[in-house]
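Commentary on secondary and tertiary structure
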Amino acid sequence: MLRLSVRAADAAARRQLCQRGPRIILQHSRPYTEGNTGGSAAKIVAAGLVSLGGGIGGTVLYAKWDSKFRTTVEKNVPYSDLLFGLALGPATSLDSTPTNKQLELAQPPSLMLEEAKSSKIKAKKVKKAEVPSETAATTPASNIEEASAEASHIISAMGEVPSVPAPQDTQAPKEQCEECHQLSPPETALSSEEPSEPGDVLTAPEEPLKERPAEEVTARIAQQDQADQDTLAFVSDKLEDSLASSATATLQAIAAQEAALQAILQHTQKLKEAMETEVSAEQRSSHWKDLEDAVGARSRNVEEAGAALVQARASLDSLRAVVESAKDSRVAALRPMVLAAEENLHSMTVDLDRAVDKVQSVESEAKIVSQYSELVNEAKQQFQRELSSITPEIQANWKGLSGTLSVDDLNALIAHAHRRIDQLNREMAEQRVREQVHIEAALEQQKLEDQKALEKAVSLAVEHNLERARLEQERKQVELREVMEAEMRTQLRRQAAAHTDHLRDVLKVQEQELQAEAEEVLSSKMMEQETRYRQLTQEQLDNFTLDMNAAYARLKGMEEAIDSHVIAEEEARKAHQLWLSVEALGYTLRSSTLDSLTRPLEPAAQAIRESCQDEFAVALAAALPEESLQRGVYSEESLRARFNALRSLARRVALVDESHNSLYQYFLSYLQAALLFEERQEAPPAKISSQDLDPFKILSYASYSLEQGDLELAAKLVNQLRGEARRVVQDWLVEARLTLETKQVVSLLSAYANAVGLGTTQAP
Amino acid sequence: MADASGLKWDRCLADTAVKTVTGLGVGMAFSFLVFKRRTWPASLGAGLGFGMAYSNCQHDRRLPHLLHGHMVKDQQ
């Protein structure tokens, strides 16, 4: 009662003295003079302005440093962008990381390949749709797709290319057409555009262009060649034989003629000699013997010559016949031989004729000489007779009679001689008279004979010339033919070349066409096969996928069931663990050893964090204040003890606060503390207003609460202290708060652990 | 934190003692040297010293967040 009254009086005195009300003072920096309450509004305003300016300046500076912060502020605060623009300049744009694009582009190339493979027909469109959306990052895929696109292009284009029809100019395949162009005899129907030969050796009928099959042609040609070869061989043999025989015969004939010639000449010579020389009887007889021999020889030789001539002519005729037959055979290779044979024939004939001419001329000469010799002989015989008639005794060789002759004989001889001379003169006169006639007759005869001979010679010469001309012509013909043949060969060769070129072109075109066709067919077949194959594989895949999906679903179901069981068990274990760790934490909280008032809760919290990955628990574990983790919290007992110590101190500085904080106040408050007595512990009422709270009451209430173990209420009450007392108990308050916080978290955790533990035991 | 108050008191006392005595001493010196051994400079000095100390103490109490710095020798 006394205490109460004293306390009331003191309170009244204090009230009177101090006149305090509820103060909420923001700042601690007050001017030195005390009791300056009037400027608090201004101070507040000033303080607010200062803080605002500081805040804005700080914000601007920080925004300058951190652009993200700037954008955040600009977003949230309406006109901040203007301010920032004024202060800092326009904001730099953030670099948008195009990671998404990269991810989008980096499609697996396998996907591209699959798409390329999937449908060739649609490949083009697919590629066209996708190519613009890609970048060069997928070059391998693009290469593949390009290749496939090209392939698809080609394949699609193959069906569109119109097949160029080959020129329809071949009725039958001509494989070995070079053989067609062999120069066969003109039975083969070659084109008529070849220049016809002027010699017109090819008198082949102008057949229409009719191609024979190659085998027939070759057979024909072979046949022809064979036949030609045979005739050639045969004819050439014949020619040679006849040539040889005729040559020999001719030579023989010529030799015989020569011999005859020689014999005749010899005979003539001998005759001349015999006539002209005055020889003796023996010599004459020898002469006449020689002459007879010569005559015999001549006759023999002439016979031989005649026979040889006949033979030669026969052989020449046969040769001519052979030549004619060879000419008729029309084999080109015989021509030169024929020509040569003809020429030989001609030359032989010419020689023979010449020899015959010579012989004939010599014969005629010989005839003249013989006639002359006969005349001479006649004359001589006549003279001999006359002489014998005149001088019959002189029968012997009168040449040796010049010594033995008498004068009469001589006179008789001279008279004879004179008579002979007269006779001869008369004869001569007669002859002279008849000379003309005789001469004319002789001339006529001679003329006739000359004419005959001339005609004969002319005819012979003409024949020979004709023959030569003909031979010449033949030769020229042959040459011309050869030239023409060569020309025709070249032309034919050219035609052959043209033909081959044409054929080659046509064949090429045909080949291409056929190739295109075949490729088309092949591609169509291939596509068919591929589509079928794809269908089948797709079906297979689908079936398989279905089965797999079913199996997988079942497996998944089983796995899930197992997992859920496992999870449930895991949960239970975790809950257990959590509960254990929370219990550990709680124990740590409660216990405190002698050497350290606090124990760091870090290990326990770590244990909690490790033991369960539950979000709530982790969050709660994270919610533990740092101080408690590192340093630990004070237990209630220590706090209580400390409070008791602090209580007296708080009592002592009860009167001191920001406005009353001179040393005098300190003294006064000490005095008050010394004089004032209050209940050590007082139960706080249910409702407390701030008016009836003074430090002493607060302290007693707090004490009581602490004694009751209600740290929270104690802290709340202690929080009501103001001024220096508050500052004194500040750290205790902080510790109390920390402890309360930790306790709260721990209680939450334990509640949660209990709940989880309860939850897991039940069916989910 | 509660001990800070005690520390402050200690500082105050120490400061008071030092200042008062120093003031007294200075005053005495002054009174001895200049003011012909009058007592008033001594008391003045003492009073000045005590006043300064008092003021310091009060100031310290009022602005408890001002740190008391100590010169630390550069140790390198």
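Residues numbered from 1 in each chain as written. Chains lettered and ligands numbered in written order. Predicted model: local features only at pLDDT ≥ 70, side-chain atom pairs only at ≥ 80, totals over all residues. Heavy atoms only, no water.

In this section: the overall build of chain B. A count of helical and extended segments in chain B gives two helices and zero strands. When each of the 76 residues of chain B is scored for burial, the buried share is 26%. Excluding contacts between residues fewer than 6 apart, the proportion of contacts in chain B whose partners are at least 24 apart in sequence is 53%. Total accessible area computed for chain B in this model is approximately 5,500 Å², and 69% of it derives from carbon and sulfur atoms. (Helix = DSSP H or I, 4+ residues; strand = E, 2+ residues; numbered from the N terminus. Buried < 20%, exposed > 50% of the residue type's maximum accessible area, 1.4 Å probe, protein only. Contact = heavy atoms within 4.5 Å. Areas by Shrake-Rupley, 256 points an atom, 1.4 Å probe, with all protein chains shown as cover.)

A separate point is the overall build of chain A. Within chain A, the secondary structure is distributed over 20 helices and zero strands. Each of the 764 residues in chain A was classed as buried or not, and the buried ones make up 29%. Taking contacts inside chain A between residues at least 6 apart in sequence as the whole, the part at least 24 apart equals 73%. Approximately 49,400 Å² of chain A is accessible, and the part contributed by carbon and sulfur atoms is 58%.

All right, on to the state of the cysteines then. Residues and elements named next belong to chain B. What the rule picks out here adds up to one disulfide over all chains. Residue cysteine 12 pairs covalently with cysteine 57 via a disulfide, S to S 1.6 Å. When the S-S torsion is 110°, as for the bridge of cysteine 12 with cysteine 57, the disulfide is right-handed. Remark: cysteine 57 occurs in helix α2 (residues 40–62) and cysteine 12 occurs in helix α1 (residues 2–33); sequence separation between them is 45 residues. (Disulfide = S-S within 2.5 Å.)

Moving on: the nonpolar core. Residues and elements named next belong to chain A. Ranked by internal contacts, the top residues of the largest apolar core, which has 29 residues, are Phe643, Val718, Leu721, Val729 and Trp732. Looking at this core, the elements that each hand over two or more residues are α16 (636–652), α17 (663–675), α18 (695–708), α19 (711–719) and α20 (723–761). No other element matches the six residues that α20 contributes to this core. The contacts of valine 718, once residues within four sequence positions are left out, are Phe643, Ile698, Ala702, Val729, Trp732 and Leu733. Counting residues in hydrophobic clusters, the runner-up holds 23 residues, among them Leu239, Ala305, Val338 and Leu352. (Core = buried A, V, L, I, M, F, W, Y, C linked by side-chain atoms within 4.5 Å.)

Here the focus is the packing of aromatic side chains. Residues and elements named next belong to chain A. For the structure on display, the rule yields eight aromatic pairs over all chains. Their ring planes at 40° and their centres at 5.7 Å tell us that tyrosine 62 and tryptophan 65 sit as a pair that is tilted. Here the residue tyrosine 62 and the residue tryptophan 65 both occupy positions in helix α2 (residues 40–65), the gap between them amounting to three residues, near one helical turn. (Phe/Tyr/Trp six-rings, centres within 6.5 Å; stacked < 30°, edge-to-face > 60°.)

Here we take up the environment of phenylalanine 677 of chain A. With respect to the helices, strands and loops of the structure, phenylalanine 677 of chain A is situated in the loop between α17 and α18. On the accessibility criterion, phenylalanine 677 of chain A (49% relative accessible area) is partly exposed.

Attention now moves to the side chain of glutamate 724 of chain A. Relative to the helices and strands, glutamate 724 of chain A is located in helix α20. Among the polar contacts made by the side chain of glutamate 724 of chain A, one reaches the side chain of arginine 727 of chain A at a distance of 2.4 Å. Discounting chain neighbours no more than four positions away, the residues touching glutamate 724 of chain A are Val653, Val656, Asp657 and Tyr666 of chain A together with Arg61 of chain B. (Polar contact = N/O pair within 3.5 Å; in protein donor to acceptor, adjacent residues only side chain to side chain.)

A word on the pattern of salt bridges. Residue and element names in this part refer to chain A. Under the counting rule described, the total for this entry stands at 23 salt bridges over all chains. A salt bridge links arginine 220 to glutamate 216, with the nearest nitrogen and oxygen atoms 3.6 Å apart. Placement of the pair is arginine 220 and glutamate 216 together in helix α9 (residues 214–276), with a separation of four residues, close to one helical turn. When the shortest N-O distance is used, the salt bridge between aspartate 317 and arginine 320 registers 3.2 Å. Taken together, the residues aspartate 317 and arginine 320, both in helix α10 (residues 281–328) and three residues apart, mark about one turn of the helix. (Salt bridge = Lys/Arg side-chain N within 4 Å of Asp/Glu carboxyl O.)

Turning next to unusual backbone geometry. All names here are of chain B. Of note, lysine 36 is a non-glycine position whose phi angle comes to about 55°, a positive value. Along the chain, lysine 36 turns up in the loop between α1 and α2. Despite not being glycine, arginine 37 shows a phi value in the positive range, around 55°. With respect to the helices and strands, the residue arginine 37 is situated in the loop between α1 and α2.

Residue and element names in this part refer to chain A. At their nearest, the axes of α16 and α18 sit 11 Å apart, and the two run at 170° to each other. One finds that α16 runs roughly antiparallel with respect to α18. Across the interface between the two elements, Arg640, Phe643, Asn644, Arg647, Ala650 and Arg651 from α16 touch Phe696, Leu699, Ser700, Ala702, Ser703, Leu706 and Glu707 from α18. A per-class count over the contact of α16 with α18 returns six nonpolar, three polar and four charged. (Axes fitted to C-alpha atoms, helices over the stretch in contact; angles between N-to-C directions. Parallel < 35°, antiparallel > 145°, perpendicular 65-115°, else oblique. Nonpolar A, V, L, I, M, F, W, Y, C, P; charged D, E, K, R; others polar.)

In this section: the side chain of arginine 647 of chain A. Relative to the assigned elements, arginine 647 of chain A resides in helix α16. When near neighbours in sequence (up to four residues on either side) are disregarded, arginine 647 of chain A contacts Glu678, Glu679, Arg680, Leu699, Ser700 and Ser703 of chain A.

Residue and element names in this part refer to chain A. Across chain A, pLDDT averages 75, with 73% of residues at or above 70. The secondary structure element of chain A with the lowest average pLDDT is helix α5 (residues 99–105), at 45, and the one with the highest is α2, at 90. For the stretch residues 121–141, pLDDT sits under 50, and the model shows 21 contacts to residues farther than four places along the chain or on other chains. (pLDDT = per-residue confidence, 0-100.)

What follows covers a nonpolar patch on the surface. All names here are of chain A. A cluster of nonpolar residues, Val45, Leu49, Leu52, Ile56 and Leu83, forms a patch on the protein surface that exposes about 460 Å² of accessible area. The dominant element in the nonpolar patch, judged by the number of residues it contributes, is α2, at four residues. If you trace the backbone, leucine 49 turns up in helix α2. (Patch = residues over 30% accessible without salt bridge, like charges linked within 9 Å, V, L, I, M, F, W, Y side chains within 5 Å.)

Here we come to the packing of α17 of chain A against α2 of chain B. The geometry of α17 of chain A relative to α2 of chain B is characterised by a closest axis approach of 9 Å and an angle of 75° between their N-to-C directions. Here α17 of chain A is positioned roughly perpendicular relative to α2 of chain B, judged by the angle of their axes. Packed against α17 of chain A, whose contacting residues are Leu663, Tyr664 and Tyr666 of chain A, the element α2 of chain B presents Tyr54, Cys57, Gln58 and Arg61 of chain B at the interface. Its residues placed into classes, the contact of α17 of chain A with α2 of chain B shows five nonpolar, one polar and one charged.

Below, the discussion takes up the confidence of the model for chain B. Overall, the prediction assigns chain B a mean pLDDT of 83, with 89% of residues at 70 or greater. The ipTM for the predicted assembly is 0.80, set against a pTM of 0.35.

Let us look at the environment of leucine 471 of chain A. All names here are of chain A. Counting through the fold element by element, leucine 471 comes out in helix α12 (residues 407–590). Each C-alpha atom, one on leucine 471 and one on histidine 346, is 8.5 Å from the other, the two residues being 125 residues apart in sequence. Excluding residues that lie within four positions of it along the chain, leucine 471 makes contacts with Leu339, Glu342, Glu343 and His346.

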